[in-house]
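Chain and residue survey
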Amino acid sequence: MSIDIPRTESPTVLIVDDNRPLADGFARALPERYEVLTAYTGAEARESLHEGIDVVLLDRRLPDVSGDELLEEIREDGYDCRVAIVSADERSGDLDCDTYLTKPLAGTEVVRQTVSDLLDGNVSY
């Protein structure tokens, strides 16, 4: 079920990762022009999802649900957002994500560039 929340002027990024220091670091790496939401579990991510989300940075290994399942829910529920999987696992399976990043990332610039690329419609499978 999606909640209809009006879009803000600033793009909204939802960071979903159970590694709090990493998720918080991703949030700090993004420019102030973004509205950033952070979720540390799948349940928190579900609560944070709404129509105004533009980009989701999603870990595959969460304590309560797999990131793959959450990605599937995002797509099935019709959210109009770009999704980047950010995981220590190598890409496997048929994931309906817009890009895939393997941890560890080579600095915070990768996060900034990925979000910027996704907002510009640049996707890489």
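Residues numbered from 1 in each chain as written. Predicted model: local features only at pLDDT ≥ 70, side-chain atom pairs only at ≥ 80, totals over all residues. Heavy atoms only, no water.

1. Regarding the overall build of the protein chain
Each helix and strand counted, the protein chain has four helices and five strands in total. When the helices and strands of the protein chain are placed in sequence order, the string is β-α-β-α-β-α-β-β-α. Seen through its principal axes, the protein chain has C-alpha atoms that stretch 35 × 30 × 25 Å. Within the protein chain, buried positions represent 42% of all 125 residues. Taking all contacts inside the protein chain whose residues are at least 6 apart in sequence as the whole, residues at least 24 apart take part in 59%. (Helix = DSSP H or I, 4+ residues; strand = E, 2+ residues; numbered from the N terminus. Buried < 20%, exposed > 50% of the residue type's maximum accessible area, 1.4 Å probe, protein only. Contact = heavy atoms within 4.5 Å.)

2. Concerning the confidence of the model for the protein chain
Residues at a pLDDT of 70 or more form 92% of the protein chain, whose mean pLDDT is 90. With pLDDT under 50 throughout, residues 1-7 is counted as low confidence; its partners more than four residues away or in other chains account for 15 contacts. (pLDDT = per-residue confidence, 0-100.)

3. A closer look at the packing of aromatic side chains
Evaluation of the coordinates by the stated rule reveals zero aromatic pairs. The ring of Tyr-40 has Arg-20 sitting right over it, with the charged end atom 3.9 Å from the ring centre. (Phe/Tyr/Trp six-rings, centres within 6.5 Å; stacked < 30°, edge-to-face > 60°. Lys NZ or Arg CZ within 6 Å of the ring centre and 35° of its normal.)

4. Describing the nonpolar core
In this structure, Val-16, Val-56 and Leu-58 are the most contacted members of the largest nonpolar core, which totals 20 residues. Mapped by element, the contributors of at least two residues to this core are strand S1 (12-16), strand S3 (55-58), helix H3 (67-76) and strand S4 (82-87). Per element, the largest residue contribution to this core is three residues, and it comes from H3. Sequence-distant contacts of Val-16, that is, excluding residues within four places in its chain, are made with Ala-39, Thr-41, Ala-45, Val-56, Leu-57, Leu-58, Asp-59, Leu-62 and Leu-70. One finds Ala-27, Leu-30, Val-111 and Val-115 within the second-largest nonpolar core, a separate group that totals 16 residues. (Core = buried A, V, L, I, M, F, W, Y, C linked by side-chain atoms within 4.5 Å.)

5. Focus on a negative patch on the surface
Residues Glu-69, Glu-72, Glu-76 and Asp-77 make up a contiguous surface patch of negative charge. With respect to the helices and strands, the residue Asp-77 is situated in the loop between H3 and S4. (Patch = residues over 30% accessible without salt bridge, like charges linked within 9 Å, V, L, I, M, F, W, Y side chains within 5 Å. Areas by Shrake-Rupley, 256 points an atom, 1.4 Å probe, with all protein chains shown as cover. Salt bridge = Lys/Arg side-chain N within 4 Å of Asp/Glu carboxyl O. Lys, Arg positive; Asp, Glu negative; His and termini not counted. Charge placed at Lys NZ, Arg CZ, Asp CG, Glu CD.)

6. Re the environment of Arg-20
Secondary-structure assignment places Arg-20 in helix H1 (residues 20-29). For Arg-20, a relative accessible area of 46% gives the class partly exposed. The spacing of Arg-20 and Tyr-40 is 20 residues in sequence and 6.6 Å in space, taken between C-alpha atoms.

7. Brief notes about the pattern of salt bridges
Applying the stated criterion across every chain, the model contains nine salt bridges. Residues Asp-96 and Arg-75 are paired through a salt bridge, measuring 3.4 Å at the closest nitrogen-oxygen approach. Taken together, the residues Asp-96 in the loop between S4 and strand S5 (99-102) and Arg-75 in helix H3 connect sequence positions 21 residues apart. In this structure, the salt-bridge partner of Asp-98 is Arg-75, at a minimum N-O distance of 2.9 Å. Pair noted here: Asp-98 is in the loop between S4 and S5 and Arg-75 is in helix H3, with a separation of 23 residues, a long-range link. On the basis of relative accessibility, which here comes to 7%, the residue Asp-98 falls in the buried class. Relative accessible area serves as the criterion here: at 24%, Arg-75 is assigned to the partly exposed category. Via salt bridges that share partners, Arg-75, Arg-82, Asp-96 and Asp-98 belong to a single interconnected network.

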